[in-house]
Amino acid sequence: FLLLALCRLARAESLRLPEALNEVIAQSPQVQRSLSQYHEANWRKTEAYSGFLPTLSAQASYLFDKKYALIDVDIANSSFSIPQIVPTTSASLLAQWSIFDGFSSTNRYLSADASVEAAKDLFDWTRFQLQREIVVLFFKAVAAKELKIVAERSVRALEDHLKNVRLLA
């Protein structure tokens, strides 16, 4: 990608340093990878915060096929069956909130926060390194272009001197 920026410099002489920096940083896989790691660490921090929140779960069931269990009862020498009462629908709601978990949620959150800071620093460092490389290569390309112009002038001057020497000899 650094070479891409320099090739573009060779093609279009109007490329400026800020444009080269923006183009290379936008297309750099190292910068994109460190940026995605930073975003992932941010989401882990959000996920770690869930240890402080209550949990809520719900469950419901419905009996479609009703088969009652029968209880045989003998009263006064006569026996008969009584169907048992079975609910056809049941629902439950469970809410839990951890009061104390041995500071594991707190430590998990602090760890995630430190990971976010580390990922941010890594992202900034990766961008900084790439920017410095681009600046050095940009100015090397500018210097090479100027050296080419100077070398061409020197060749012309030497050719003129050679022509003058041949005319005088």
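The written sequence of each chain sets the order in which its residues are numbered from 1. The predicted origin of the model limits local features to residues at a pLDDT of at least 70 and limits the giving and counting of side-chain atom pairs to 80 or more, whereas totals for whole chains, interfaces and linings rest on all residues. The side-chain values count all of the structure's non-hydrogen atoms but skip hydrogen atoms and water molecules.

(A) Seen up close, the overall build of the chain. Numbering goes from the N terminus for both helices and strands, where a helix is a DSSP run of H or I of at least four residues and a strand is a run of E of at least two. When helices and strands are tallied, the chain shows 4 helices and 4 strands. If you list the helices and strands of the chain from N to C, you get α-α-α-β-β-β-β-α. The globule rule used here is 2.2 Å times the number of residues to the 0.38 power, and the radius of gyration it is set against is calculated over C-alpha atoms. Its C-alpha atoms give the chain a radius of gyration of 39 Å, clearly above 15 Å, the size a compact globule of 169 residues would have. With the principal axes as the frame, the chain shows a C-alpha extent of 155 × 40 × 20 Å. Residue pairs in contact within the chain that sit at least 24 positions apart in sequence constitute 74% of those at least 6 positions apart. Only heavy atoms matter for contacts: two residues are in contact if any of them lie within 4.5 Å across the pair.

(B) Broad picture of helix H3 (residues 29-48). Given a helix with a known number of residues, its expected span is that number minus one, times 1.5 Å. Its 20 residues place the ends of H3 28 Å apart at the C-alpha level, agreeing with the 28 Å of an ideal helix rising 1.5 Å per residue. Only protein chains enter the accessibility calculation, which uses a 1.4 Å probe. A residue is then buried if its area is under 20% of the maximum for its type, exposed if over 50%, and partly exposed in between. Within H3, burial applies to Val-31, Ser-34, Tyr-38, Ala-41 and Ala-48. Buried positions in H3, seen along its axis, are confined to an arc of 105° and lie on one side of it. When the buried face of H3 is taken as reference, the exposed residues oriented beyond 90 degrees from it are Trp-43 and Glu-47. Contacts made by the buried residues of H3 are with helix H2 (17-27) and helix H4 (104-168). Here, the arc refers to the directions that run from the helix axis to the C-beta atoms.

(C) Looking closely at the pattern of salt bridges. Note on definitions: salt bridges are taken to be side-chain nitrogens of Lys or Arg within 4 Å of carboxyl oxygens of Asp or Glu. Summed over the entire model, instances satisfying the criterion amount to 3 salt bridges. The shortest N-O distance in the salt bridge between Lys-45 and Asp-113 comes to 2.9 Å. Taken as a pair, Lys-45 in helix H3 and Asp-113 in helix H4 lie far apart in primary sequence, 68 residues in all. Relative accessible area serves as the criterion here: at 22%, Lys-45 is assigned to the partly exposed category. Lys-120 is paired through a salt bridge with Asp-124; the nearest N and O atoms lie 3.2 Å apart. Of this pair, Lys-120 and Asp-124 are both found in helix H4, 4 residues apart, which corresponds to roughly one turn of the helix.

(D) How the structure looks around the pairing of strand E2 (residues 70-75). With 0 of 6 residues buried, E2 lies mostly on the surface of the structure. By the convention used here, strands pair only if DSSP detects at least 2 bridges between them. Where E2 hands over to strand E3 (residues 78-83), the hairpin turn is made up of 2 residues, of which Ala-76 adopts a positive phi near 50°.

(E) Spotlight on the nonpolar core. Buried Ala, Val, Leu, Ile, Met, Phe, Trp, Tyr and Cys residues that are joined via side-chain atoms within 4.5 Å together make up what is termed a nonpolar core. Leu-17, Ala-20, Leu-21, Val-24, Ile-25, Val-31, Phe-123, Leu-130, Ile-134, Val-135 and Phe-138 together form the largest nonpolar core, which totals 11 residues. At the level of elements, H2 and H4 are the ones that each hand at least two residues to this core.

(F) Geometry of the packing of aromatic side chains. Between rings of Phe, Tyr and Trp, where Trp is taken as its six-membered ring, a pair exists when centres lie within 6.5 Å; planes separated by under 30 degrees are stacked, by over 60 edge-to-face, and by other angles tilted. Considering all chains together, one arrives at 6 aromatic pairs under this definition. Summarising the aromatic geometry, the rings of Phe-100 and Phe-103 are spaced 5.3 Å apart at their centres and angled 85° between planes, so their arrangement reads as edge-to-face. Residues Phe-100 and Phe-103 agree in their burial class; the two are exposed. Here a set of aromatic residues connected by ring pairs shows up, and it is made of Tyr-49, Phe-52 and Tyr-109. Lys-120 extends its terminal NZ or CZ atom over the ring of Tyr-38, reaching a point 5.7 Å from the ring centre. We call a charge positioned above a ring when the Lys NZ or Arg CZ atom is no farther than 6 Å from the ring centre and deviates by at most 35 degrees from the ring normal.

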